[in-house]
Amino acid sequence: MSLSEQRAPACGLVSVIGAPNAGKSTLVNALVGQKVAIVSAKAQTTRARLLGIALAETENTAVQIVLVDTPGIFAPRRRLDRAMVAAAWEGAQAADAVLLVVDARKTRHEELEPVLETLRLRPERKLLVLNKVDQCVKERLLIQAQDFAALDLFEDIFFVSALTGDGVGALKAHLAGRMPPGPWHFPADQVSDASERLLACEITREQLYRQLHDELPYDSTVRPEAYRTRGDGSIEIHQQIVIARDSQKAIVLGKGGARIKAIGAAARKELAAILGVPIHLFLHVKVDEGWADAKEIYEEIGLDWVR
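Residues numbered from 1 in each chain as written. Predicted model: local features only at pLDDT ≥ 70, side-chain atom pairs only at ≥ 80, totals over all residues. Heavy atoms only, no water.

Chemist: Just to check I follow, could you spell out the nonpolar core for this structure?
Modeler: The nonpolar side chains of a soluble globular protein tend to be buried, and buried together. Ranked by internal contacts, the top residues of the largest apolar core, which has 28 residues, are V14, L27, I65, L67, L99, L171 and L175. Residues in contact with L99, not counting those within four places in the same chain, are V14, S15, V16, I17, L27, L127, V129, L171 and L175. One finds A19, A95, L130 and C136 within the second-largest nonpolar core, a separate group that totals 21 residues. (Core = buried A, V, L, I, M, F, W, Y, C linked by side-chain atoms within 4.5 Å. Buried < 20%, exposed > 50% of the residue type's maximum accessible area, 1.4 Å probe, protein only. Contact = heavy atoms within 4.5 Å.)

What follows is the structure, given as structure tokens:
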């Protein structure tokens, strides 16, 4: 018998919010048990709301936890920034719990003050996750926890390293116990709401950030052109790497095309592992100064158009 057939079902929505680079996507991946969201050292990697779907058990229930991986909340400047922050707060609406993920390595958290003020006005159950504790001194962690507890805002505080998995099990068990009874929203074998087309673009964008680091500014994206299954079961994917300035083209291509080949090879390998079939990935670079204001790009990545 399956997990859902053995116990009464429970299902709830958990919004994962925080400042950029707090480790929200890494935490969602750890709770789900496999990769559903891209991660990189570059801040603001997550651009749209993405659902990760985790399964858990309590003594009497089979639980589906729908995790909303949101963009980081920061002071927006561009239209894309404003759309990302709006998506983050929208993801928190009607949630059964809100996880505020904080980078515990930081000793000061001024960027969280407006987030904390907004959370105080919201009715959802709130939990604090101090993340990256594997890189912190214990005494400093306890001081931070005391400071946040003094706000009288959070139901509980968790010490977690999403990267190593420390503390993730306790957090997941706590969430499972807080989900309301009711039918599951997704099939048991579904781990994300992202389409394979969008996932493929996200994997390529992750490699773009990983391999170019600070060489390529944040103003780049990856767009789908074609996605089809070949007769032998393999998948053929064509994508555009869109950049804002012509001077960035040489950076993405690399000497003799070496860099874009390396990006494609890494993305192809990861996609093949995730999808379980051979992947034929074709990339090319397009320069579009106004891509961050193009309405169709917002629609592709699931962001609302904002002014």
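From this point on, the discussion continues.
Chemist: Help me out: how do you make sense of the pairing of strand β1 (residues 8–18) in this one?
Modeler: Side-chain direction in a regular strand flips from residue to residue, so the side chains alternate between the two faces of the sheet. In terms of residue burial, β1 counts as a mostly covered element, since 8 of its 11 residues are buried. Here β1 pairs with strand β3 (residues 61–69) via 9 bridges, running parallel. Paired with G12 across the bridge in β3 is I65. Taken together, the 5 bridges between β1 and strand β4 (residues 97–103) define a ladder with parallel strand orientation. Residue pairing in the sheet places I17 in a bridge with L100 of β4. (Helix = DSSP H or I, 4+ residues; strand = E, 2+ residues; numbered from the N terminus. Pairing = 2+ DSSP bridges.)

Chemist: Hey, could you run me through helix α2 (residues 24–32) in this one?
Modeler: Quick reminder: α-helices carry 3.6 residues per turn. Residues three or four places apart thus point the same way. Among the 9 residues of α2, 7 are classified as buried, and the element is accordingly described as predominantly covered. Within α2, the full set of buried residues consists of K24, S25, L27, V28, N29, L31 and V32. Residues of α2 that are buried in the fold lie against β1, β2 (50–57), β3, β4, β5 (126–131) and α6 (168–178). In the stretch just after α2, G33 is the one whose phi turns positive, near 100 degrees.

What is shown is where atoms sit, not what they do.
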